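If you want the building blocks of each chain, they are given just below.
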Amino acid sequence: MSRPTADPRHALALLSSGLTIAEVAKELGCSRDTVYRLVRESRAALDKYRAEREDVPNLEPTFPRGDYTPATTCNHDKQPIPIRSRWYCPICDRSGLDHLPFFQNARPLPKDPKPTPEKPTAKALTRRERRRLQFAQAEAARARRVERRLIQSMAARQERPGT
Ligand SMILES: [Zn+2]
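Let us look at the structure shown here.

Rules and cut-offs
- Residues take numbers from 1 onward in each chain, read along the sequence in its written order.
- In keeping with the predicted nature of the model, local features appear solely for residues at pLDDT of at least 70, side-chain atom pairs appear and are counted solely at 80 or more, and the whole-chain, interface and lining totals rest on all residues.
- Strands here mean DSSP runs of E at least two residues long; helices mean DSSP runs of H or I at least four residues long; both are numbered from the N terminus.
- Counting other C-beta atoms within 10 Å of a residue's own tells you its class, since 20 or more makes it buried, 12 or fewer makes it exposed, and anything in between is partly exposed; those C-beta atoms are placed from the backbone.
- Contact between two residues is assigned when their C-beta atoms, built from the backbone, lie within 7 Å.
- Definition of nonpolar core: a set of buried Ala, Val, Leu, Ile, Met, Phe, Trp, Tyr and Cys residues joined via C-beta atoms within 7 Å.
- Think of each axis as a best-fit line through the C-alpha atoms, taken over the contacting stretch in the case of a helix, with angles from 0 to 180 degrees between the N-to-C directions.
- Oblique is the label for every angle not falling under 35 degrees (roughly parallel), over 145 degrees (roughly antiparallel), or within 65 to 115 degrees (roughly perpendicular).
- Take the far helix as the reference: if the near one is turned anticlockwise from it by less than a right angle, the crossing is left-handed, and if turned clockwise, right-handed.
- Each residue is assigned to one of three groups, with Ala, Val, Leu, Ile, Met, Phe, Trp, Tyr, Cys and Pro labelled nonpolar, Asp, Glu, Lys and Arg labelled charged, and all others, Gly among them, labelled polar.

## Regarding the overall build of the protein chain
Then step 1. Regarding its fold elements, the protein chain presents five helices and three strands.
Then step 2. Reading the protein chain from its N end, one meets helices and strands in the order α-α-α-β-β-β-α-α.
Then step 3. Within the protein chain, the fraction of its 163 residues that count as buried is 6%.
Then step 4. Once local pairs closer than 6 in sequence are excluded, the contacts in the protein chain between residues at least 24 apart make up 43%.

## Quick notes on the environment of Ile-91
Then step 1. The residue Ile-91 is located in the loop between strand S2 (87-89) and strand S3 (94-95) in this model.
Then step 2. Using a count of 17 C-beta atoms within 10 Å as the deciding quantity, one classes Ile-91 as partly exposed.
Then step 3. Counting along the chain gives 16 residues from Ile-91 to Asn-75, while the straight-line C-alpha distance between them is 9.2 Å.
Then step 4. Discounting residues that sit within four places of it in the chain, Ile-91 has contacts with Pro-64, Thr-72 and Cys-74.

## Some thoughts on the nonpolar core
Within soluble globular proteins, side chains that are nonpolar generally end up buried alongside one another.
Then step 1. The biggest cluster of nonpolar side chains holds seven residues, and these are Ala-11, Leu-12, Leu-14, Val-24, Ala-25, Val-35 and Leu-38.
Then step 2. Within the residue set of this core, elements represented by two or more residues are helix H1 (8-16), helix H2 (21-28) and helix H3 (32-53).
Then step 3. At three residues, the largest contribution of residues to this core is made by H1.

## Remarks on the packing of H1 against H2
Then step 1. Direction vectors running N to C along H1 and H2 enclose 135°, while the axes themselves pass 9 Å from each other. Relative to H2, H1 is oriented oblique. Both H1 and H2 take part in a crossing whose hand is right-handed. Residue-level contacts link Ala-11, Leu-14 and Leu-15 of H1 to Val-24, Glu-27 and Leu-28 of H2.
Then step 2. A breakdown of the residues in the contact of H1 with H2 according to their chemical character gives five nonpolar, no polar and one charged.

Take it as geometry only, folks, not as evidence of what the structure does.
Okay, structure coming up:
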């Protein structure tokens, strides 16, 4: 019977969650020696990852006050982000560490695609529904005309003194 190869990270996660080596072995359906090997591999990979990450500085995002919308402007336009500071502006995608080689090749995240406007499906409507829609639109236009005339006549009455 061939078993799927166990994920080293899964083995380490199970061990970290408090299971014993024997319990992890039973859970993964492999031998205890295999669990030892998987955990060793996972720890080595984790150490390597941490060592690689050591020279990558963490940035502190600075969000402007108020709502964060596409119209939001930077809160640092009066003074630029000081060089060598860990501040990162998510609006203009700049930081005080942009001069470091690690950030030279960093590309901003791609923007969200524009939503495709949904066209009203006129063909999906039946003849009866189309006629109803036409009638409703004509009624709405008539109501707007009547309202406009009412407002005009009220304004004219107010302009005429003594009525
Ligand atoms: Zn900015």
